[in-house]
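Architecture at a glance
Each chain, written out:
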Amino acid sequence: MENLCFHAADILLPKNCDMQKWSVVACDQYTSEPQYWRQVEELVGQAPSTLHMVLPEIYLEEPDVDKRIQNINQSMQNYLQNGVFETFHNKFVYVRRTLQNGLVRHGLIGMVDLEQYNYQKGSQSFIRATEGTVLERIPPRVRVRENASLELPHVMLLIDDREHTVIEPLEHKCENMQKLYSFDLMQQSGHVEGFALDEESAGQVQRALGNLCDEAAFEKKYNVDNKGVLLFAVGDGNHSLACAKECFERLKKTMPQSQWENHPARYALVEVVNLHDKALCFEPIHRVVFDIDPDEMLEELSEFYTVDYMQSEGGQTFEYVSHNISGMITIKNPKSNLTVGSLQYFIDDYIARHGGRVDYIHGEDVTRQLGAQKGCMGFLLPCIPKEELFKTVIVDGVLPRKTFSMGHACDKRFYLEARKIR
């Protein structure tokens, strides 16, 4: 397993900092709620913070985006030069994240080999995307990462460890490990603790992961042949991981192959979580379409598909909300095996012909609120059972983009650890 794809890393953590100001939520959250990010900026101010080293996606289309990226790169350099960080060499970090609802999610920080990751449909690599990768979303992230000194991960990878052999045994050992941090996250987002694994625990983790890679056991587990072993499925942060992959592929063209193996950009820092962690809940990702005529959109939906304006058997049902009408729709002749896929086909087609834009929303309340605004329409979707994820990806390939979310926005991974990539 040591020669496969998951390794200990030289992890950077801040010292003598206000950790609540340091740690901010993943950049792809609250993309239709600018007030959230304004509140974060007010809370952080000029204090050392990961906010100064990431680009919230809500600002990707702003005219000053180039200046923001320059400031990000400069902040990284300043933090490195001014001794903000302490380095923990060759470490895995066991993470206990108390969510807003009080449940505790358990994770393991390490770095993955990007040579073992492929986001293309039909991939048989150890690390695979679970959802379609939107290629247009990679270049903006590349612009942030390509000249960056550091990476700060919000990528979460899933393992299908039904017997709880990899991460869960660490809970009984963490009190004897070095505690790296423990603090409340901002914006009432729960609590997080981190512990550095000792050598014995690290070895146990690697052996357990190695067992999950046994090809014969894998094929029996999923009743498949010649599909390759899927060890890690990307749960969150697929486009960020794809960006890291793209940056390394570009870098490879500038150096001899002999330098690839040990280059820091070959690896990406991630958090691994067991699919069967009791605190890991799959939530649907809803859609809100802006700058459209809701009545016209509904009319065209009934032309695109055969629909019933009610919940009915033998179809795919979802709810819609606008400023003057709401209800249920059942698609009788879907184009995808998943409701989200069928709806996405229609939304993409409608926007291509009429304009407008779509955003992907975590949470029913926000979807209803945004969908009820004039010129908007919200679609509330069901979610897939998490137990079906690995088998579906192995057999069918990637799911439609933005199919599911692992919890509410406030429970997403917060930026905290860093690693040098230059």
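A few points about the overall build of the chain
Regarding its fold elements, the chain presents 11 helices and 21 strands. Relative to the 2.2 N^0.38 estimate, which gives 22 Å for 422 residues, the radius of gyration of the chain is 22 Å and therefore close to what a compact globule would have. In terms of principal-axis extent, the alpha carbons of the chain reach across some 60 × 55 × 45 Å. By residue count, 58% of the 422 residues in the chain fall in the buried class. Across the chain, contacts joining residues at least 24 apart in sequence account for 77% of those joining residues at least 6 apart. For the chain, the accessible surface area stands at approximately 18,500 Å², while carbon and sulfur atoms represent 44% of it.

Notes on the packing of aromatic side chains
On inspection of all chains with the given rule, the structure shows 16 aromatic pairs. Pairing Tyr36 with Trp37 gives two aromatic rings, centres 5.5 Å apart and planes at 85°, and the pair type is edge-to-face. On the accessibility criterion, Tyr36 (7% relative accessible area) is buried. The ring of Trp260 is capped by Lys252, whose NZ or CZ atom sits 4.5 Å from the centre of that ring.

Topic: the environment of Ala418
Structurally, the position occupied by Ala418 is in the loop between β20 (404-406) and β21 (419-420). Sequence separation of Ala418 and Phe85 is 333 residues, and the distance between their C-alpha atoms is 9.0 Å. When sequence neighbours within four positions are dropped, the list of residues in contact with Ala418 reads Asp10, Ile11, Leu12, Phe85, Glu151, Leu152 and Leu269.

Some remarks on a negative patch on the surface
Taken together, the side chains of Asp293, Asp295, Glu296, Glu299 and Glu303 make up a negatively charged region of the molecular surface. For Glu299, the position within the fold is in helix α8 (residues 294-304). Judged by its relative accessible area of 49%, Glu299 is partly exposed.

Notes on the pairing of strand β17 (residues 326-331)
Pairing between strand β15 (residues 307-308) and β17: two bridges, direction antiparallel. Paired with Asp308 across the bridge in β17 is Thr330. Relative to β17, strand β16 (residues 316-321) runs antiparallel, the two sharing six bridges. For Val321, the partnering residue across the bridge sits in β17 and is Ser326. Count of turn residues in the β16/β17 antiparallel hairpin: four residues.

Observations concerning the packing of helix α4 (residues 138-145) against helix α7 (residues 238-252)
Between α4 and α7, the least distance of the axes is 9 Å, while the angle of their chain directions is 65°. Here α4 runs over α7; the crossing is right-handed. Listed contacts from α7 to Ile138, Arg141, Val142 and Arg145 of α4 are His239, Ser240, Ala242, Cys243, Ala244, Glu246, Cys247 and Arg250.

Description of the state of the cysteines
A full pass over the atoms with the stated rule returns zero disulfides. Not part of a disulfide, Cys281 finds its nearest cysteine sulfur in Cys383, a span of 9.9 Å.

Comments concerning the nonpolar core
Membership of the largest hydrophobic core comes to 66 residues, with the highest contact counts inside it found for Ile127, Leu157, Phe232 and Leu241. With six residues, α7 is the single largest residue contributor to this core. Aside from chain neighbours lying at most four places away, what touches Phe232 is Cys5, Phe6, Val112, Phe126, Ile127, Arg128, Leu157, Leu158, Ile159, Leu209 and Val272. In this structure, Trp22, Val40, Met76 and Ile421 belong to the second largest nonpolar core, which totals 53 residues.

A short note on the pattern of salt bridges
In the structure shown here, the tally under the stated rule is 24 salt bridges. One salt bridge in this structure joins Asp66 and Arg143, with 2.1 Å as the shortest N-O distance. In this pair, Asp66 is assigned in helix α3 (residues 65-81) and Arg143 in helix α4, connecting sequence segments 77 residues apart. With a relative accessible area of 45%, Asp66 lands in the partly exposed category. In this structure, Asp236 and Lys412 form a salt bridge, with 3.1 Å as the shortest nitrogen-oxygen distance. Of this pair, Asp236 sits in strand β12 (residues 232-236) while Lys412 sits in the loop between β20 and β21, and the two are 176 residues apart along the sequence. For the pair shown, Asp236 and Lys412 are each scored as buried. In the salt-bridge network here, residues are joined through shared partners; they are Arg96, Glu171, Glu175, Lys179 and Glu193.

With respect to unusual backbone geometry
The backbone of Asn90 shows a phi angle near 50°, a positive value even though the residue is not glycine. Positionally, Asn90 belongs in strand β3 (residues 85-91). Judged by its relative accessible area of 56%, Asn90 is exposed. Phi at Asn223 is positive, roughly 55°, even though this residue is not glycine.

The rules behind these values
- Throughout this document, residue positions are counted from 1 along each chain, in the order its sequence is written.
- Under the rules for a predicted model, residues below a pLDDT of 70 receive no local features and side-chain atom pairs below 80 are neither given nor counted, while totals for whole chains, interfaces and linings still include all residues.
- Side-chain measures here rest on the full set of heavy atoms in the structure, leaving out hydrogens and waters.
- Each helix is a run of DSSP H or I of at least 4 residues and each strand a run of E of at least 2, with the numbering of both proceeding from the N terminus.
- For the radius of gyration, the atom set is restricted to C-alpha positions; the globular benchmark scales as 2.2 Å times the number of residues to the power 0.38.
- Three exposure classes are used, based on accessible area relative to the maximum for each residue type with a 1.4 Å probe and protein chains only: buried under 20%, partly exposed in between, and exposed over 50%.
- By definition in these notes, contact holds between two residues if any of their heavy atoms fall within 4.5 Å.
- Accessible surface is estimated by sampling points in the Shrake-Rupley manner with a 1.4 Å probe; for residues, cover comes only from the protein chains shown.
- Pairing of aromatic rings covers Phe, Tyr and Trp, the last through its six-membered ring, and needs centres within 6.5 Å; plane angles under 30 degrees mean stacked, over 60 mean edge-to-face, and all others mean tilted.
- Only when the NZ of Lys or the CZ of Arg is both within 6 Å of the ring centre and within 35 degrees of the ring normal is a charge said to sit over the ring.
- Note on patches: the residues involved have over 30% relative accessible area and no salt bridge, like charges join within 9 Å, and the nonpolar side chains Val, Leu, Ile, Met, Phe, Trp and Tyr join within 5 Å.
- Put simply, a salt bridge is a Lys or Arg side-chain nitrogen that is within 4 Å of an Asp or Glu carboxyl oxygen.
- None of His or the chain ends enter the tally, which takes Lys and Arg as positive and Asp and Glu as negative.
- Positions of charges follow a simple convention, taking NZ of Lys, CZ of Arg, CG of Asp or CD of Glu.
- DSSP calls a pair of strands paired once it identifies at least 2 bridges connecting them.
- Working convention: axes come from line fits to C-alpha atoms, limited for helices to the stretch in contact. Angles between N-to-C directions cover 0 to 180 degrees.
- Note on convention: near helix rotated counterclockwise from far helix by under a right angle means a left-handed crossing. Clockwise means right-handed.
- The term disulfide is used for any two cysteine sulfur atoms that are within 2.5 Å.
- Side-chain atoms within 4.5 Å are what join buried Ala, Val, Leu, Ile, Met, Phe, Trp, Tyr and Cys residues into a set we call a nonpolar core.

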